[in-house]
Amino acid sequence: MDTYALATSLAVDYPVLNIFWTMLELFLWILWFFLLFKIITDIFRSHDLSGWGKAGWLILVIVLPLIGVLVYLIARGQSMGKRDIEQAQQTDAAVRAYIRDAAAGTPGEGGGGRSHVEDLAKLADLKERGAISDEEYQKAKNKLLV
């Protein structure tokens with residue numbers, strides 16, 4: 001039997017409706033695994049559960065996956081959403097703080113330092129008032145820019 005005849009016979013044995021059904025099953029399996037991993041990560045990041053509580057939920061979700069996932073979603077689904085929102089807000093606040101610190105030129109948290117722009121402006125002001133010479137200004141400017 002040549003390869004064309006083999007491919008044709010396989011295509012006849014597997015109709016289009018079965019292809020769609022197989023794709024649906026594959027999609028549902030992938031969706032199921034995403035949900036399972038989401039629940040497992042939520043179990044571990046939940047601060048209101050004790051260690052034994054986390055172990056119990058994890059055993060239930062792994063040993064009886066369908067029942068465990070459904071019971072977890074019913075019992076803790078609402079708080080799971082709240083934890084997602086809190087984590088997103090914390091991440092957003094951290095990103096905003098980092099951008100603020102980077103824009104201000106201050107390393108680390110708190111924003112206690114000054115930026116180079118402010119220091120250069122003060123140096124230029126001192127030079128204009130005659131408090132420092134041109135040579136001192138250039139040395140201080142080079143020190144700041146390095």
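These figures come from a predicted structure and were not determined experimentally.

1. Looking at the overall build of the protein chain
Piece 1. Broken down by element type, the protein chain carries 6 helices and 0 strands.
Piece 2. Mapped from its N terminus to its C terminus, the protein chain presents α and β elements in the order α-α-α-α-α-α.
Piece 3. Within the span of the protein chain, comprising 146 residues, buried residues form 17% of the whole.
Piece 4. Considering only contacts within the protein chain whose residues lie at least 6 apart along the sequence, 39% involve residues at least 24 apart.

2. Some points on the nonpolar core
Piece 1. Counting 11 residues, the largest nonpolar core is built from L36, I39, I40, I43, L49, W57, L58, V61, V69, Y72 and M80.
Piece 2. Looking at this core, the elements that each hand over two or more residues are α2 (16-45), α3 (51-63) and α4 (65-104).
Piece 3. For this core, the element with the most residues is α2, which contributes 4 residues.
Piece 4. Apart from residues lying up to four places away in sequence, V61 is in contact with L36, I39, I40, I43, G68 and V69.

3. A closer look at the confidence of the model for the protein chain
Piece 1. Mean pLDDT over the protein chain: 84, with 85% of residues reaching 70 or higher.
Piece 2. Per-residue pLDDT, averaged within each element of the protein chain, yields its smallest value for helix α1 (residues 3-13) (64) and its largest for α3 (94).

4. Details of the packing of helix α5 (residues 116-129) against helix α6 (residues 134-145)
Piece 1. Two elements in contact, α5 and α6, have axes whose closest approach is 10 Å; the angle formed by their N-to-C orientations is 175°. Put simply, α5 runs roughly antiparallel to α6. Contacts between α5 and α6 involve H116, D119, L120, L123, A124 and K127 from the first element and D134, Y137, A140, K141, L144 and L145 from the second.
Piece 2. When grouped by side-chain class, the residues that make up the contact of α5 with α6 number 7 nonpolar, 1 polar and 4 charged.

5. Details of a nonpolar patch on the surface
Piece 1. Together, I59, I62, V63, L64, L66, I67, L70 and V71 make up a nonpolar patch on the protein surface, roughly 770 Å² of accessible area in all.
Piece 2. Of all the secondary-structure elements, those providing two or more residues to the nonpolar patch are α3 and α4.
Piece 3. For the nonpolar patch, the leading source of residues is α4, giving 4 residues.
Piece 4. For I59, the position within the fold is in helix α3.

6. Here we look at the layout of surface pockets
Piece 1. A volume near 150 Å³ is recorded for the largest pocket.
Piece 2. In this structure, the largest pocket is lined by R45, H47, D48, R83, E86, Q87 and Q90.
Piece 3. At 4 residues, α4 tops the list of elements feeding residues into the lining of the largest pocket.
Piece 4. Partitioning the lining of the largest pocket into residue classes produces no nonpolar, 3 polar and 4 charged.

What counts and how
Residues numbered from 1 in each chain as written. Predicted model: local features only at pLDDT ≥ 70, side-chain atom pairs only at ≥ 80, totals over all residues. Heavy atoms only, no water. Helix = DSSP H or I, 4+ residues; strand = E, 2+ residues; numbered from the N terminus. Buried < 20%, exposed > 50% of the residue type's maximum accessible area, 1.4 Å probe, protein only. Contact = heavy atoms within 4.5 Å. Core = buried A, V, L, I, M, F, W, Y, C linked by side-chain atoms within 4.5 Å. pLDDT = per-residue confidence, 0-100. Axes fitted to C-alpha atoms, helices over the stretch in contact; angles between N-to-C directions. Parallel < 35°, antiparallel > 145°, perpendicular 65-115°, else oblique. Nonpolar A, V, L, I, M, F, W, Y, C, P; charged D, E, K, R; others polar. Patch = residues over 30% accessible without salt bridge, like charges linked within 9 Å, V, L, I, M, F, W, Y side chains within 5 Å. Areas by Shrake-Rupley, 256 points an atom, 1.4 Å probe, with all protein chains shown as cover. Salt bridge = Lys/Arg side-chain N within 4 Å of Asp/Glu carboxyl O. 1 Å grid on protein atoms, 1.4 Å probe; cavity = no way out; pocket = protein on both sides within 12 Å on 5 of 7 lines; lining within 4 Å. Points joined across faces, edges and corners; volume = space filled by probe spheres on them.

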